[in-house]
Amino acid sequence: MFASIQRLLPTSVAPRAQHLVHHPYFVPRNSRGNLPVYTDIRNAGTRYLVLVHNIDGNANSLARDLQKSLFERSSHESQRMNVEVVRGKNLIITGGRWKHHIVEWLKAKGF
């Protein structure tokens, strides 16, 4: 019976088990369907922060993965980027204006 229902559903709705990736963390979308990645500009525009809120699971693992794979290891951006875990559920990324890079990275990971 489930197979007959699955054939009636469009391909975008049918579950795709082969694309499921398991991470020790999960970044749920907010009530509007967007990823919870925000910017915060402080000190009259001299300090630019990127914030990732409401991480479920191991936020330290997300911070390590982000630092290792967002930019190439030897790049200038990789050396400037600093990722800090706050209260076990939030990340603060400093060193550049990388909000859109982080959103695209999370989307590529399947969130």
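Remember, it's a predicted structure, so these values are computed and weren't measured experimentally.

A. Fine view of the overall build of the chain. The helix and strand tally for the chain stands at 4 helices and 6 strands. Its helices and strands in sequence order give the chain the pattern α-β-β-β-β-α-α-β-β-α, from N to C terminus. Residues classed as buried in the chain amount to 32% of the 111 residues present. Once local pairs closer than 6 in sequence are excluded, the contacts in the chain between residues at least 24 apart make up 59%. Carbon and sulfur atoms provide 50% of the accessible area of the chain, an area that totals close to 7,700 Å².

B. Representation of the packing of aromatic side chains. One pass over the structure, following the stated rule, counts 3 aromatic pairs. Note on Phe 26 and Phe 111: the rings are 5.7 Å apart at their centroids and 70° apart in plane angle, and the pair reads as edge-to-face. Of this pair, Phe 26 sits in strand E1 (residues 25–26) while Phe 111 sits in the segment after helix H4 (99–109), placing them 85 residues apart in sequence. Residue classification places Phe 26 among the partly exposed residues on the basis of a relative accessible area of 42%.

C. Inspection of the nonpolar core at higher detail. Counting residues in hydrophobic clusters, the biggest one holds 24 residues, and the most contacted among them are Leu 91, Ile 93, Ile 102 and Leu 106. Among the elements of the structure, strand E3 (47–52), helix H2 (59–69), strand E6 (90–94) and H4 are those that each provide at least two residues to this core. In this view, Ile 102 contacts Val 37, Val 50, Val 52, Leu 66, Leu 70 and Ile 93; residues no more than four positions away in its chain are not counted.

D. Broad picture of the confidence of the model for the chain. For the chain, the mean per-residue pLDDT works out to 84, and 81% of the residues sit at or above 70. Contacts of residues 1–6 to residues separated by more than four positions or lying in other chains number 3 contacts, the stretch itself having pLDDT below 50. Segment residues 13–18: pLDDT under 50, and 4 contacts once partners within four positions in sequence are set aside and those in other chains are kept.

E. Main features of unusual backbone geometry. Positive phi outside glycine occurs at Ala 44, with the angle close to 55°. Inspection of the secondary structure assignment puts Ala 44 in the loop between strand E2 (37–42) and E3. For Ala 44, a relative accessible area of 85% gives the class exposed. Positive phi outside glycine occurs at Arg 87, with the angle close to 55°. When you line up the elements, Arg 87 lands in the loop between strand E5 (82–86) and E6.

What counts, and where the lines are drawn
- Residues numbered from 1 in each chain as written.
- Predicted model: local features only at pLDDT ≥ 70, side-chain atom pairs only at ≥ 80, totals over all residues.
- Heavy atoms only, no water.
- Helix = DSSP H or I, 4+ residues; strand = E, 2+ residues; numbered from the N terminus.
- Buried < 20%, exposed > 50% of the residue type's maximum accessible area, 1.4 Å probe, protein only.
- Contact = heavy atoms within 4.5 Å.
- Areas by Shrake-Rupley, 256 points an atom, 1.4 Å probe, with all protein chains shown as cover.
- Phe/Tyr/Trp six-rings, centres within 6.5 Å; stacked < 30°, edge-to-face > 60°.
- Core = buried A, V, L, I, M, F, W, Y, C linked by side-chain atoms within 4.5 Å.
- pLDDT = per-residue confidence, 0-100.

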